[in-house]
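Remarks on the overall topology
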Amino acid sequence: MSTEPRLASSDADDAPDAVGSGVQRAAGRRTGWSALRPLVRRLHFYAGVLIAPFLLVTAVTGLLYAGAFQAEKVVYAHELSVPAGERTLPLSRQVAAARKAHPEGEIAAVRPAPQPDETTRVLLADVPGVSAEHQLAVFVDPHTGSVRGALPTYGATGALPLRTWLDDLHRNLHLGDSGRLYSELAASWLWVVAGGGLALWIGRKRTNRRLRALALPDRTATGRRRTLSWHGAVGVWAAVGLFFLSATGLTWSTYAGGNIDELRQALGQATPTVSTAVAEDHAHHGRSGGMAGMPDMPGMDGKKGGAASGSAAADVGIDKVLGAARAKGLSDPVEIGLPTDKGTAYVVKQVQRSWPEKQDAVAVDPGTGKVTDVSRFADYPVLAQLTRYGIDLHTGTLFGIVNQLALAALALALIFLILWGYRMWWQRRPTRDRTLSFGRPVPRGAWRQIPLPVLIPLVLVVAVVGWAVPLLGISLVAFLVVDLAFGVVARRRAAAASPVTVD
């Protein structure tokens, strides 16, 4: 039996239930939420204590990343911005200027200046000193042809070094693929912690269903109750956003993301791509990727070569390719991917990920300049569109600075929720015997209070979720094993101290 003093009656709703035989005696009396609540409390407690450090790191790095978009515009203003001019040079001349300044590597893609006061980006692959996952972006003034600089770039959004560094910090702590496990673990548990906390807070307020009691902190409370009031009220406001961050974060995680991709494939909801094949004797490549090994196109720098590895006349040139894409309705911003091999097409795709999304793409035959395939974002399957919206909202691009401010607010909310959670754990520590100790855990035996008609489906649902979200399932099993071990030790100590068992 526990010798710890009960909390005052005003804190009865937050106090631990009677342990040991008291929990077992209550098993036959509790139904509905009263039966589930102790289990939810125990899960929320352990997840909050053990997973919160991962969530805290994710929130802090996410907060930094949310500000990276605006910081990038300031830090790289010279490379990104130019005075607006009256005349724009042909794209081929801009590319030739970039090649003259940077003859290393191979041209991978070109992003024409989307606005008169912005630069054109010529993307080079296989550049010495630049990692294989990155490209070198050469920034060209579209009006004068002068090169404004060159910077490594990463990803479809064209992240420059500052944002790339913060992105890697948030995603994998600069530890590579193994580091991604931390962020996937955090995303796997975020919705569980948020959902459990929301259920506990609403259940605690069942005697006062006024919206004010749920959504606003109690300013008259003191001590732990005051901390709990702020923790619960802020959690209500942040819950939907935290669910969203968890779900979208899992979509491109290593293990859960792989399962999601397989499900989308099975349902016919994968993201469509344009075919780059322009001749029957060449393979279907799908979406164009990096262009390493592709010789420079004619009309760019005067070098001999082309998509068909013959004379310069074998390729119509990048200006006509862009014109063909414009004729199909592809407005700025666009990226022109060069052919990857003989018998493949240029791929021109829209790269605007702010609202409204521009994700149309066309394939253009380099020999004839004719469009051979078209992909429209409006024709994407529903799940493919939702995935695109979700990822862009998660990364702060869909609604621009408003989106980034919302992400920053969510990150701050999560940081404070975690700190308040740890503070409550500290505030409920026993102080009579030990001044330096942590708070009491929620008692064991909560699962015995759940009726079998509820417990069996619950176990099956947990098993399915654990399979679909592997890091959640593995860590949950680890929690159970550790908890059982502590339980065995506690029972042995209790038996050694008091051989007489009191029912």
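Predicted model, so just to flag it, every value in this text is computed and none were measured.

Right, let's get into the nonpolar core. The tendency in soluble globular proteins is for nonpolar side chains to be buried as a group. Ile51, Leu55, Trp189, Leu190, Ala238, Leu242 and Leu414 are the most contacted members of the largest nonpolar core, which totals 32 residues. Breaking this core down by element, the ones donating at least two residues are helix 2 (33-66), helix 7 (180-204), helix 9 (223-251), helix 13 (400-427) and helix 15 (470-497). Of all the elements, helix 13 adds the most residues to this core, at nine residues. Each residue touching leucine 55, except ones within four places of it in the same chain, is listed here: Ala186, Leu190, Val193, Leu414 and Ile418.

All right, on to helix 12 (residues 382-394) then. Taking 1.5 Å per residue as the helical rise, helix 12 with its 13 residues ought to reach 18 Å, and the 18 Å between its terminal C-alpha atoms agrees with that figure. Residues Ala384, Gln385, Arg388, Gly390, Ile391, Asp392 and His394 constitute the buried set of helix 12. On the buried face of helix 12, the contacting elements are helix 9, helix 10 (255-266) and helix 13. Downstream of helix 12 by a residue or two, glycine 396 has a phi angle that is positive, lying close to 85°.

Interhelical geometry of helix 2 versus helix 6 (residues 161-172) gives an angle of 165° and a closest axis separation of 9 Å. Taken together, the axes of helix 2 and helix 6 lie roughly antiparallel to each other. Every pair of crossing elements has a handedness; the one defined by helix 2 and helix 6 is left-handed. Taking contact as the criterion, the partners of Thr58, Thr61, Gly62, Leu64 and Tyr65 in helix 2 are, on helix 6, Arg163, Leu166, Asp167, Leu169 and His170.

Before going further, it helps to examine the pattern of salt bridges. This structure, assessed with the given rule, holds nine salt bridges. In this structure, aspartate 168 engages arginine 171 in a salt bridge whose closest nitrogen and oxygen atoms are separated by 2.7 Å. With a gap of three residues between them, aspartate 168 and arginine 171 both fall in helix 6, about one helical turn apart. By relative accessible area, aspartate 168 is classed as buried at 15%.

Below, the discussion takes up a nonpolar patch on the surface. Together, Leu263, Leu267, Val382, Leu383 and Leu386 make up a nonpolar patch on the protein surface, roughly 470 Å² of accessible area in all. Counting residues per element, the nonpolar patch draws most heavily on helix 12, at three residues. Mapping leucine 386 onto the fold places it in helix 12.

Further remarks concern the sheet that holds strand 3 (residues 135-140). On the basis of which strands lie adjacent, the open sheet formed by eight strands has the order 4-3-2-1-5-6-7-8 and antiparallel pairing. Of all the strands in the sheet, the pair left with one neighbour each is strand 4 (147-153) and strand 8 (371-375). Averaged over all adjacent pairs, the angle separating strand axes in this sheet is 20°, with direction ignored. The pairing of strand 1 (residues 106-111) with strand 5 (residues 334-337) spans two bridges and is classified as antiparallel.

Another point: the UniProt feature "transmembrane region" (unreviewed entry) in the protein. UniProt's feature table lists "transmembrane region" (unreviewed entry) at residues 43-66, 181-202, 234-255, 405-425, 446-465 and 471-490, given in the numbering used throughout. Annotated as residues 234-255, this span is 86% helix and 0% strand, and its ends, taken at the C-alpha atoms, are 31 Å apart. The annotated region residues 471-490 carries 100% helix and 0% strand content, and the separation between its end C-alpha atoms amounts to 28 Å.

Another point: the environment of glycine 396. Within the secondary structure layout, glycine 396 lies in the loop between helix 12 and helix 13. Measuring from C-alpha to C-alpha, the distance between glycine 396 and phenylalanine 69 comes to 8.4 Å, with 327 residues separating the pair along the chain. Residue contacts for glycine 396: discarding those within four places in its chain leaves Phe69, Asn403, Gln404 and Leu407.

For threonine 153, the position within the fold is in strand 4. Owing to a relative accessible area of 5%, threonine 153 belongs among the buried residues under this scheme. Polar side-chain contacts of threonine 153 include one of 3.4 Å to the backbone oxygen of glycine 158. Of the polar contacts made by the side chain of threonine 153, one reaches the backbone oxygen of alanine 159; its length is 3.2 Å.

In this section: the packing of aromatic side chains. Two measures describe an aromatic ring pair: the distance that separates the ring centres and the angle between the ring planes. Throughout the structure, instances matching the rule amount to eleven aromatic pairs. On the numbers, 5.5 Å between centres and 75° between planes, the contact of tyrosine 65 with phenylalanine 69 is edge-to-face. Judged by its relative accessible area of 11%, phenylalanine 69 falls in the buried class. An aromatic cluster is present here, built from Trp355, Phe377, Tyr380, Tyr389 and Phe399 joined pairwise through their rings.

Running from amino to carboxyl end, helix 9 crosses helix 12 at an angle of 110°, the nearest separation of the two axes being 9 Å. Relative to helix 12, helix 9 is oriented roughly perpendicular. Like other packed secondary-structure pairs, helix 9 and helix 12 cross with a definite hand, here left-handed. Contacts between helix 9 and helix 12 involve Phe244, Leu245, Thr248, Gly249 and Thr251 on the former and, on the latter, Gly390, Ile391, Leu393 and His394. Tallied by class, the residues present in the contact of helix 9 with helix 12 amount to four nonpolar, five polar and no charged.

Here strand 7 (residues 361-364) runs beside strand 8; their pairing, made up of four bridges, is antiparallel. Looking across to strand 8, one finds that alanine 361 is bridged to serine 375. From the end of strand 7 to the start of strand 8, which pair antiparallel, there are six residues, and glycine 369 there has a positive phi angle of about 75°.

Take the pairing of strand 1 next. The buried count for strand 1 comes to five of six residues, which makes it a mostly enclosed element. Where strand 1 lies against strand 2 (residues 120-125), five bridges are found, and the strand directions are antiparallel. When the bridges of strand 2 are listed, isoleucine 107 appears paired with leucine 124.

Let us look at the confidence of the model for the protein. Per-residue confidence for the protein gives a mean pLDDT of 85; residues scoring 70 or more make up 82%. Note that residues 1-28 has pLDDT below 50 and, in this model, 43 contacts with residues that lie over four places away or in other chains.

Right, let's talk about the side chain of glutamine 385 for a bit. For glutamine 385, the position within the fold is in helix 12. Polar side-chain contacts of glutamine 385 include one of 2.8 Å to the backbone oxygen of phenylalanine 377. Other than its neighbours up to four places away in sequence, glutamine 385 contacts Phe377, Ala378, Asp379 and Tyr380.

The rules we used
- Residues numbered from 1 in each chain as written.
- Predicted model: local features only at pLDDT ≥ 70, side-chain atom pairs only at ≥ 80, totals over all residues.
- Heavy atoms only, no water.
- Core = buried A, V, L, I, M, F, W, Y, C linked by side-chain atoms within 4.5 Å.
- Buried < 20%, exposed > 50% of the residue type's maximum accessible area, 1.4 Å probe, protein only.
- Helix = DSSP H or I, 4+ residues; strand = E, 2+ residues; numbered from the N terminus.
- Contact = heavy atoms within 4.5 Å.
- Expected span 1.5 Å × (residues − 1).
- Axes fitted to C-alpha atoms, helices over the stretch in contact; angles between N-to-C directions.
- Parallel < 35°, antiparallel > 145°, perpendicular 65-115°, else oblique.
- Left-handed = near helix turned anticlockwise from the far one by under 90°.
- Salt bridge = Lys/Arg side-chain N within 4 Å of Asp/Glu carboxyl O.
- Patch = residues over 30% accessible without salt bridge, like charges linked within 9 Å, V, L, I, M, F, W, Y side chains within 5 Å.
- Areas by Shrake-Rupley, 256 points an atom, 1.4 Å probe, with all protein chains shown as cover.
- Pairing = 2+ DSSP bridges.
- UniProt positions renumbered as here; feature names shortened; annotations may be inferred.
- Polar contact = N/O pair within 3.5 Å; in protein donor to acceptor, adjacent residues only side chain to side chain.
- Phe/Tyr/Trp six-rings, centres within 6.5 Å; stacked < 30°, edge-to-face > 60°.
- Nonpolar A, V, L, I, M, F, W, Y, C, P; charged D, E, K, R; others polar.
- pLDDT = per-residue confidence, 0-100.

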